[in-house]
Amino acid sequence: MADMRERPLSPHLQIYRPQITSVLSIGHRATGIVLSLGAALLVLWLTAAAAGPDWFDIAQRCAGSWPGYALLFVFSVCLVYHLLNGVRHLFWDAGLGFELETVSRTGWAVVAGTVLLTAAIWLLGLAVAEGP
Amino acid sequence: MTVERRGLGSSRTGTSHWWRQRLTAIALAPLTVFLVGLLPVLAAATHEEFVEIMRIPVTPVALVLLLAAGLYHMKLGLQVVIEDYVHGEPVKVGLRIALTLATCLLAAAGIVSVVMLAA
Ligand code: HEM
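First, a word on what this report is: a plain description of the structure on this page. (Residues numbered from 1 in each chain as written. Chains lettered and ligands numbered in written order. Predicted model: local features only at pLDDT ≥ 70, side-chain atom pairs only at ≥ 80, totals over all residues. Heavy atoms only, no water.)

### Some points on the overall build of chain A
Turning to step 1, where the next piece is worked out: Within chain A, the secondary structure is distributed over four helices and zero strands.
Turning to step 2, where the next piece is worked out: When the helices and strands of chain A are read in sequence order from the N terminus, they spell out α-α-α-α.
Turning to step 3, where the next piece is worked out: Across the 132 residues that make up chain A, the buried fraction comes to 31%.
Turning to step 4, where the next piece is worked out: When contacts within chain A are restricted to residue pairs at least 6 apart in sequence, long-range pairs at least 24 apart make up 75% of them.
Turning to step 5, where the next piece is worked out: As displayed, chain A has an accessible area near 9,000 Å², and 72% of this comes from carbon and sulfur atoms.
Turning to step 6, where the next piece is worked out: Averaging the coordinates of the 7 positive side-chain charges in chain A and doing the same for the 8 negative ones gives two points 10 Å apart. (Helix = DSSP H or I, 4+ residues; strand = E, 2+ residues; numbered from the N terminus. Buried < 20%, exposed > 50% of the residue type's maximum accessible area, 1.4 Å probe, protein only. Contact = heavy atoms within 4.5 Å. Areas by Shrake-Rupley, 256 points an atom, 1.4 Å probe, with all protein chains shown as cover. Lys, Arg positive; Asp, Glu negative; His and termini not counted. Charge placed at Lys NZ, Arg CZ, Asp CG, Glu CD.)

### A short note on the site of the ligand
Turning to step 1, where the next piece is worked out: By nearness alone, 20 residues border the ligand, and His 28, Arg 29 and His 82 of chain A together with Arg 22 and His 73 of chain B come closest of all.
Turning to step 2, where the next piece is worked out: Contact between the ligand and His 82 of chain A: a nitrogen atom at 2.8 Å from a side-chain N or O atom of the residue.
Turning to step 3, where the next piece is worked out: Among the secondary structure elements, those contributing two or more residues to the shell around the ligand are α1 (20-51) and α3 (66-93) of chain A together with α1 (16-43) and α3 (58-85) of chain B.
Turning to step 4, where the next piece is worked out: Broken down by class, the residue content of the shell around the ligand amounts to eight nonpolar, ten polar and two charged. (Near = heavy atom within 4 Å. Polar contact = N/O pair within 3.5 Å; in protein donor to acceptor, adjacent residues only side chain to side chain. Nonpolar A, V, L, I, M, F, W, Y, C, P; charged D, E, K, R; others polar.)

### Comments concerning the environment of Thr 114 of chain A
All names here are of chain A.
Turning to step 1, where the next piece is worked out: Positionally, Thr 114 belongs in helix α4 (residues 100-130).
Turning to step 2, where the next piece is worked out: The class of Thr 114 is buried, set by a relative accessible area of 7%.
Turning to step 3, where the next piece is worked out: Distance in space between the C-alpha atoms of Thr 114 and His 28 is 13 Å, their sequence separation being 86 residues.
Turning to step 4, where the next piece is worked out: When sequence neighbours within four positions are dropped, the list of residues in contact with Thr 114 reads Val 77, Val 80, Tyr 81 and Leu 84.

### Some words on a nonpolar patch on the surface
Turning to step 1, where the next piece is worked out: Together, Leu 37, Leu 41, Leu 44 and Leu 71 of chain A line one region of the surface with nonpolar side chains, adding up to about 350 Å² of accessible area.
Turning to step 2, where the next piece is worked out: If one sorts the elements of the nonpolar patch by residue count, α1 of chain A sits on top with three residues. (Patch = residues over 30% accessible without salt bridge, like charges linked within 9 Å, V, L, I, M, F, W, Y side chains within 5 Å. Salt bridge = Lys/Arg side-chain N within 4 Å of Asp/Glu carboxyl O.)

### Details of the packing of α1 of chain B against α3 of chain B
Residue and element names in this part refer to chain B.
Turning to step 1, where the next piece is worked out: As a packed pair, α1 and α3 sit with axes 8 Å apart at the nearest point and diverge in direction by 135°. By the angle between their directions, the pair α1 and α3 is classed as oblique. Of the two possible hands of crossing, α1 and α3 adopt the one that is left-handed.
Turning to step 2, where the next piece is worked out: Here the contact of α1 with α3 is built from residues that sort into 16 nonpolar, nine polar and one charged. (Axes fitted to C-alpha atoms, helices over the stretch in contact; angles between N-to-C directions. Parallel < 35°, antiparallel > 145°, perpendicular 65-115°, else oblique. Left-handed = near helix turned anticlockwise from the far one by under 90°.)

### Observations regarding the coordination of the iron atom of the ligand
Turning to step 1, where the next piece is worked out: Those donors, His 82 of chain A (NE2) and His 73 of chain B (NE2), are the protein atoms that reach the iron atom of the ligand, and they lie 2.0 Å from it.
Turning to step 2, where the next piece is worked out: Here the iron atom of the ligand binds six donor atoms, and the angle range of 88 to 179° at the metal identifies the geometry as octahedral. Taken as a pair, His 82 of chain A in helix α3 and His 73 of chain B in helix α3 lie in two separate chains rather than in one.
Turning to step 3, where the next piece is worked out: You can call His 82 of chain A buried: its relative accessible area is 16%.
Turning to step 4, where the next piece is worked out: Its relative accessible area of 16% is what places His 73 of chain B among the buried residues. (Donors = N, O, S within 2.8 Å, 3.2 Å for Na, K, Ca; no water. Tetrahedral: all angles 85-135°; square planar, octahedral: opposite > 155°, others 65-115°.)

### Quick notes on the interface of chain A and chain B
Turning to step 1, where the next piece is worked out: Facing 26 residues of chain A, the contacting portion of chain B comprises 38 residues.
Turning to step 2, where the next piece is worked out: Summing the contributions of chain A and of chain B, the shared interface buries around 2,500 Å²; its carbon and sulfur component is 77%.
Turning to step 3, where the next piece is worked out: If you sort the residues of chain A by the area they bury against chain B, Arg 29, Val 43 and Leu 46 of chain A come out on top, with a joint share of 22%.
Turning to step 4, where the next piece is worked out: A salt bridge links Asp 84 of chain B to Arg 29 of chain A; the nearest nitrogen and oxygen atoms lie 2.8 Å apart.
Turning to step 5, where the next piece is worked out: Remark: the boundary between chain A and chain B carries seven residue pairs in polar contact (both at pLDDT 80 or more).
Turning to step 6, where the next piece is worked out: Residue assignment for the side of chain A that touches chain B shows that the elements contributing at least two residues are α1, α2 (53-64), α3 and α4 of chain A.
Turning to step 7, where the next piece is worked out: At 13 residues, the largest contribution of residues to the side of chain A that touches chain B is made by α1 of chain A.
Turning to step 8, where the next piece is worked out: Taken together, the residues that form the side of chain A that touches chain B break down as 18 nonpolar, six polar and two charged. (Buried area = accessible area lost by both parts, 1.4 Å probe.)

### Structural notes on the pattern of salt bridges
Turning to step 1, where the next piece is worked out: If you walk through the whole model with that rule in mind, you get three salt bridges over all chains.
Turning to step 2, where the next piece is worked out: Notably, a salt bridge pairs Asp 93 of chain A with Arg 22 of chain B, separated by 2.7 Å at the nearest N-O pair. A residue pair is termed interchain when its members come from two chains, as with Asp 93 of chain A in helix α3 and Arg 22 of chain B in helix α1.
Turning to step 3, where the next piece is worked out: By relative accessible area, Asp 93 of chain A is classed as partly exposed at 32%.

Rendered as structure tokens:
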């Protein structure tokens, strides 16, 4: 198997320097998996509402607890990130934005956008939820 | 195990999986924005207020579309994750069946709940 040595290898993740491109790429998968859990909980919440006020109260108390808020925060970060990076994916699928410099620029834009949009959602969301 | 070479990839569906992942992603972009707007309103709601908001037609319509596109997108995405990380054929097939059943269960429970609340 002497010729094996000449062949290109995939990056060896333990020794490969993390880069904006590789980190964001695995981030899309990680957030997709977290959002799948979020989708299941969304269905559970709707089912509780359909089951009547007693079940709905239990669900609302879980969601309104500190762990509930923490989980909702994680879901919101993941959704915003996955949405923005998903749009980036769709542009690539259309053949746009492949220059190395552009890839890293749009990558940082996704990171900045995630921070800003998530902050905006929670500031507005908390204002709405608290009510007038 | 010999696998017939049909150019259809590891789940034998060719490019249709890829297309559906993209189409559902495009549909989800506006639908998830709607969800983010709706959730803070519903999060603080009593059951009575919740039902009231569900009776505005745009709410259940958007939620049913969101559940359909979102859960299908989720199923397609998790299937790729399974294909990438699980290598034994029997386990892979078992997980894919479990994923399909779980997705159908979530879709049915979610959509029926929305329809019940809106009716
Ligand atoms: C309901 C919420 C969502 C869930 C549960 C979800 C879940 C997932 C999962 C599990 C994957 C597979 C990841 C992988 O193969 O590595 C994925 C991929 C993808 N998602 Fe989502 N997603 C959601 C919303 C969105 C939205 C709003 C967009 C908007 C543009 C989007 C765009 C994409 C794209 C383009 C891919 C394919 C990426 C690739 O080819 O590697 N997703 N999603």
